[in-house]
Amino acid sequence: LLPPPARDWSLAPVVEEEARYRDSAAFAHSREFWRQRCAGMGEPVTLGPKCAPDDSARSSHLRLPAGEHLRWQSAARALGVDWSAWLIAAVFAWMRARSGADEISVGLLVMNRLGSAALSVPCMAMNVVPLRLRLQPQWSFAELAREVAAELRELRPHQRYNYEWLRQDLGLGDSYAQLYGPVLNLMPFDRGFLFEGLDSRAHPVSVGSVEDLDLTVSPLADGVRFDIEANPQAYDAATLQAHHRALLALMEAALADPSQRLD
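Residues numbered from 1 in each chain as written. Predicted model: local features only at pLDDT ≥ 70, side-chain atom pairs only at ≥ 80, totals over all residues. Heavy atoms only, no water.

Colleague: Looking at this model, I keep getting lost on the packing of helix H3 (residues 67-79) against helix H7 (residues 237-256). Mind explaining?
Modeller: Packed helices, taken two at a time, are described by the angle their axes make and the gap between the axes. Running from N to C, H3 and H7 cross one another at 50°; their axes reach a closest spacing of 10 Å. Judged by the inter-axis angle, H3 sits oblique to H7. Between H3 and H7 lies a crossing whose hand is left-handed. For the pair H3 and H7, contact is made by Glu-68, Arg-71, Trp-72 and Ala-75 and by Met-251, Glu-252 and Leu-255, respectively. Class assignment for the residues of the contact of H3 with H7 results in 4 nonpolar, no polar and 3 charged. (Axes fitted to C-alpha atoms, helices over the stretch in contact; angles between N-to-C directions. Helix = DSSP H or I, 4+ residues; strand = E, 2+ residues; numbered from the N terminus. Parallel < 35°, antiparallel > 145°, perpendicular 65-115°, else oblique. Left-handed = near helix turned anticlockwise from the far one by under 90°. Contact = heavy atoms within 4.5 Å. Nonpolar A, V, L, I, M, F, W, Y, C, P; charged D, E, K, R; others polar.)

Spelled out as structure tokens, the structure:
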């Protein structure tokens, strides 16, 4: 039997699509949107000292029961938001509780593949967008979750505008300065691989260099991967694990009573 013909994985359609985008009104509109959103943005809040990234990362890995994702979904539905907004709200509340700051900015990894030529081409189609909120101490967790959902709706039409372009726009291209503290990567899909007659599982080895904190949440068939990778120059192992435990504790508190105020 002859193997099926190889798929066409040419990058040309992806490159052409990006060129059209950069000449479009949508590009200009998104550029202005981000420039306004980031105007006057100060140094982002982090939970550790600001240090140059290291060659490697320090890791705190957790595997939660599969039922946790269902609990998050149920809690989110009760507040009228989706589970990603609920989880992002938990990260904001955690950052406020651990730092004492009210203005928080996190980086959100976005896929940018759906509806794009990159959908079926192996390439780097990811982007990171800064999500900044000024939290009000009197907000309940429920109010915070709804604020996050509203912000996500505002950002969604502009998430294709590349973070590197934005850095150049703001004069940050040659510096280590960032527009966010921790980075959050939500992966709402099963990361298994299908090979005939074989069971398989992906084992992430490293995310590479980390500026501050990288949070990865991935619901799988047999549990939820919930990892934090840290800049080892800024976080020792005990501190990182304490932050990780505090985030899970805050999520439990939000599940138990979303009417609790942030203060």
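Structure shown, so let's carry the discussion forward.
Colleague: For this particular structure, what's the right way to read the packing of aromatic side chains?
Modeller: For any pair of aromatic rings, the description rests on two quantities: the centre-to-centre distance and the angle between the ring planes. Going through the model one piece at a time under the given rule, you end up with 11 aromatic pairs. Taken together, a centroid distance of 6.2 Å and an interplanar angle of 25° make the contact between Tyr-21 and Trp-165 stacked. Here Tyr-21, found in helix H1 (residues 12-22), pairs with Trp-165, found in helix H6 (residues 163-169); they are 144 residues apart in sequence, far enough to count as distant. With respect to burial, Tyr-21 and Trp-165 carry one shared label: buried. Aromatic side chains Trp-72 and Trp-83 sit 6.2 Å apart centroid to centroid with 20° between the ring planes, which places their arrangement in the stacked category. Taken as a pair, Trp-72 in helix H3 and Trp-83 in helix H4 (residues 83-99) lie far apart in primary sequence, 11 residues in all. (Phe/Tyr/Trp six-rings, centres within 6.5 Å; stacked < 30°, edge-to-face > 60°. Buried < 20%, exposed > 50% of the residue type's maximum accessible area, 1.4 Å probe, protein only.)

Colleague: Explain the pattern of salt bridges to me, please; I cannot follow it from the model alone.
Modeller: In a structure, side chains of opposite charge can pair up when their charged atoms sit close to one another. Scanning all chains against the criterion turns up 12 salt bridges. A salt bridge links Arg-71 to Glu-252; the shortest N-O distance between them is 2.9 Å. Of this pair, Arg-71 sits in helix H3 while Glu-252 sits in helix H7, and the two are 181 residues apart along the sequence. Overall, the relative accessible area of 37% leaves Glu-252 in the partly exposed class. Taken together, the shared-partner salt bridges connect Arg-37, Glu-151 and Glu-154 into one network. (Salt bridge = Lys/Arg side-chain N within 4 Å of Asp/Glu carboxyl O.)

Colleague: Explain the side chain of Ser-30 to me, please; I cannot follow it from the model alone.
Modeller: When you line up the elements, Ser-30 lands in helix H2 (residues 25-38). The residues contacting Ser-30, other than those within four sequence positions of it, are Tyr-21, Pro-157, His-158 and Tyr-161.

Colleague: Help me out: how do you make sense of the environment of Leu-11 in this one?
Modeller: Its location among the elements puts Leu-11 in the segment before H1. Among the residues examined, Leu-11 registers a relative accessible area of 45% and is labelled partly exposed. With 55 residues separating them along the chain, Leu-11 and Ala-66 place their C-alpha atoms 37 Å apart.

Colleague: Can you help me understand the nonpolar core in this one?
Modeller: General note: in soluble globular proteins, nonpolar side chains tend to be found buried as a group. The biggest cluster of nonpolar side chains holds 72 residues, and the ones touching the most others in it are Trp-72, Trp-86, Phe-92, Trp-94, Leu-144 and Val-148. The leading source of residues in this core is H4, at 12 residues. Every residue in contact with Trp-86, bar those within four places of it in the chain, is listed here: Trp-72, Ala-75, Ala-76, Leu-79, Val-81, Phe-141, Met-251, Ala-254 and Leu-255. With 5 residues, the next largest nonpolar core counts Val-14, Ala-118, Val-121 and Cys-123 among its residues. (Core = buried A, V, L, I, M, F, W, Y, C linked by side-chain atoms within 4.5 Å.)

Colleague: Can you walk me through the environment of Trp-86 in this structure?
Modeller: Following the sequence through the fold, Trp-86 ends up in helix H4. When its relative accessible area of 0% is taken as the criterion, Trp-86 is described as buried. Through-space distance from the C-alpha of Trp-86 to that of Trp-72 is 7.3 Å; in sequence the pair is 14 residues apart.

Colleague: When you look at a nonpolar patch on the surface in this model, what are you seeing that I'm missing?
Modeller: Judged by side-chain polarity, Leu-109, Met-111, Met-126 and Phe-189 come together as a nonpolar surface patch covering roughly 320 Å² of accessible area. Residue position: Met-111 is located in the loop between strand S2 (103-110) and strand S3 (127-134). The partly exposed category is assigned to Met-111, whose relative accessible area is 40%. (Patch = residues over 30% accessible without salt bridge, like charges linked within 9 Å, V, L, I, M, F, W, Y side chains within 5 Å. Areas by Shrake-Rupley, 256 points an atom, 1.4 Å probe, with all protein chains shown as cover.)

Colleague: Explain unusual backbone geometry to me, please; I cannot follow it from the model alone.
Modeller: Most peptide bonds take the trans form, and the phi angle of most residues other than glycine is negative. Residues other than glycine seldom take positive phi values, yet Asn-112 does so here, at roughly 60°. Position of Asn-112 among the secondary structure elements: in the loop between S2 and S3.

Colleague: Got a minute to help me understand the packing of H4 against helix H5 (residues 141-155) in this structure?
Modeller: With their axes 8 Å apart at the nearest point, H4 and H5 run at an angle of 115° to one another. Judged by the sense of rotation from one axis to the other, the crossing of H4 with H5 is right-handed. Contacts between H4 and H5 involve Ala-85, Trp-86, Ile-88, Ala-89, Ala-90, Phe-92 and Ala-93 from the former and Phe-141, Leu-144, Ala-145, Val-148, Ala-149 and Leu-152 from the latter.

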